[in-house]
Amino acid sequence: MSRPSSRAALLGAALLTTLACAQGAPQVRFTPYVSGLRNVTTLTHAGDGSGRMYATLQGGQLRVIQGGRLSPQVFLDLSSLVRAGGERGLLGLTFDPRYKQNRRLYVHYTDRNGDTVVARYTAAADFSRADPQSGKTLFTAKQPYANHNGGQLEFGPDGFLYLALGDGGSGGDPQNNGQNLASPLGKILRFDVRGDDAKPAPGNPFLNRQGANPNIWAYGLRNPWRFSFDRQTGDLIIADVGQNAFEEVNRQPRASKGGENYGWRVREASTCFEPSTGCRTQGLTDPVLSYGRNEGQSITGGYVYRGKAIPALKGQYVFGDFASGTVWAARAVGTTWNKVKIGEVQNPSAFGEDEAGELYVAEYGSGRVLKLGR
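Basis of the calculations
- Residues numbered from 1 in each chain as written.
- Predicted model: local features only at pLDDT ≥ 70, side-chain atom pairs only at ≥ 80, totals over all residues.
- Heavy atoms only, no water.
- UniProt positions renumbered as here; feature names shortened; annotations may be inferred.
- Helix = DSSP H or I, 4+ residues; strand = E, 2+ residues; numbered from the N terminus.
- 1 Å grid on protein atoms, 1.4 Å probe; cavity = no way out; pocket = protein on both sides within 12 Å on 5 of 7 lines; lining within 4 Å.
- Points joined across faces, edges and corners; volume = space filled by probe spheres on them.
- Disulfide = S-S within 2.5 Å.
- Buried < 20%, exposed > 50% of the residue type's maximum accessible area, 1.4 Å probe, protein only.
- Pairing = 2+ DSSP bridges.
- Axes fitted to C-alpha atoms, helices over the stretch in contact; angles between N-to-C directions.

For the protein chain, an unreviewed UniProt entry supplies the name Putative glucose/sorbosone dehydrogenase and the organism Deinococcus deserti.

Below, the structure written as structure tokens:
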């Protein structure tokens, strides 16, 4: 996450009420939805018509939220497999597009050695829990440092499984993993998991390039802390945590064939990083949005809003900053997006979208999940 070391609450009681914090900003209210979920890293749904939402806790548990209540039963407990703390832990969860038929779900966590694991589990026949004995490891990656593990797992509109990994950690990408096509680090990876194993997805841009990792879909990322697919357009939106100066948002259109280079560590956002001046720009994809340290220092990516509860927010990308607590909305049109502040919450660690497209945000330290509404 590349998060600041202090997790203290930054903003007091005003966070529940917002309201238009900048001229022209949609009126949005952040209402408590559920509590008791400390250190949330993912909020998602299974797409099965159940109305349930699921939260991953950094320490290794998967919990169920239904009708604004936290289920007392743990859906899956991976605590014994997970090394948690700092930026490590249980970092990602997604459900198979055919979950109602095959009961498959996928998790991304940091194992006891500090390395990346993607594993598949199977839910019980009544979907009340996942069978802890059903785990099958599908992908692993060595992590040279403790930070920048990325985390997001999500199925794209093409039916393939996407995984975001950070550059391996430390600072300044000392191993230049972001630009190294032999490494899975600093990348968006894309897998075909329709069979029993994970294989490189057909059409991956470096599938046949000698020496390149065949799972790579896009590269040049520092620590993508949450990506999402616009449920209407299919566009891929990636929030990438910056180094010293900028946070950024990147957009990959639905029609892309992959292979985009988002620039790290050549650039941080649109500014030269290594080298510090005169860096190349050819072949690099510019962010659609970036902001500096005067506004925050650790972006938390969200979703393009496609729900019905807040008509004025429709079509806007909602995201936040873990350090400042600010939540923004940016109209997702064209190659340059302009953001407006719509609220403040405590240390937003994850946004979530329910089956209807309504949005939620988790406060890392308080244990609360808030629902966005009018």
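(A) Broad picture of the UniProt feature "domain: Glucose/Sorbosone dehydrogenase" (unreviewed entry) in the protein chain. According to UniProt, the positions carrying the feature "domain: Glucose/Sorbosone dehydrogenase" (unreviewed entry) are residues 44–332. Structurally, residues 44–332 is divided into 1% helix and 39% strand, and its ends, taken at the C-alpha atoms, are 21 Å apart.

(B) Inspection of empty space enclosed by the protein at higher detail. All chains considered together, the criterion is met by 2 cavities of 30 Å³ or more. The computed volume of the largest cavity comes to approximately 60 Å³. Forming the walls of the largest cavity are Thr41, Thr42, Leu43, Gln152, Arg226, Phe227, Gly301, Gly302, Tyr303, Ala350 and Phe351. Residue assignment for the lining of the largest cavity shows that the elements contributing at least two residues are strand 2 (40–45), strand 16 (224–229), strand 22 (299–304) and strand 26 (348–353).

(C) Examining the state of the cysteines more closely. Summed over all chains, the structure comprises 1 disulfide. Between the sulfur atoms of Cys272 and its disulfide partner Cys279 the distance amounts to 2.1 Å. One disulfide, between Cys272 and Cys279, carries an S-S torsion of -85° and so falls in the left-handed class. Residue classification places Cys272 among the partly exposed positions, given a relative accessible area of 23%. The exposure class of Cys279 is buried, given its relative accessible area of 10%.

(D) Molecular detail of the sheet that holds strand 27 (residues 359–363). Reading across from one edge, 1-28-27-26 is the order of the 4 strands in this open sheet, with antiparallel pairing throughout. The sheet terminates laterally at strand 1 (29–34) and strand 26, the two strands that pair on one side only. Looking at each pair of strands side by side, their axes are set apart by 30° on average, direction ignored.

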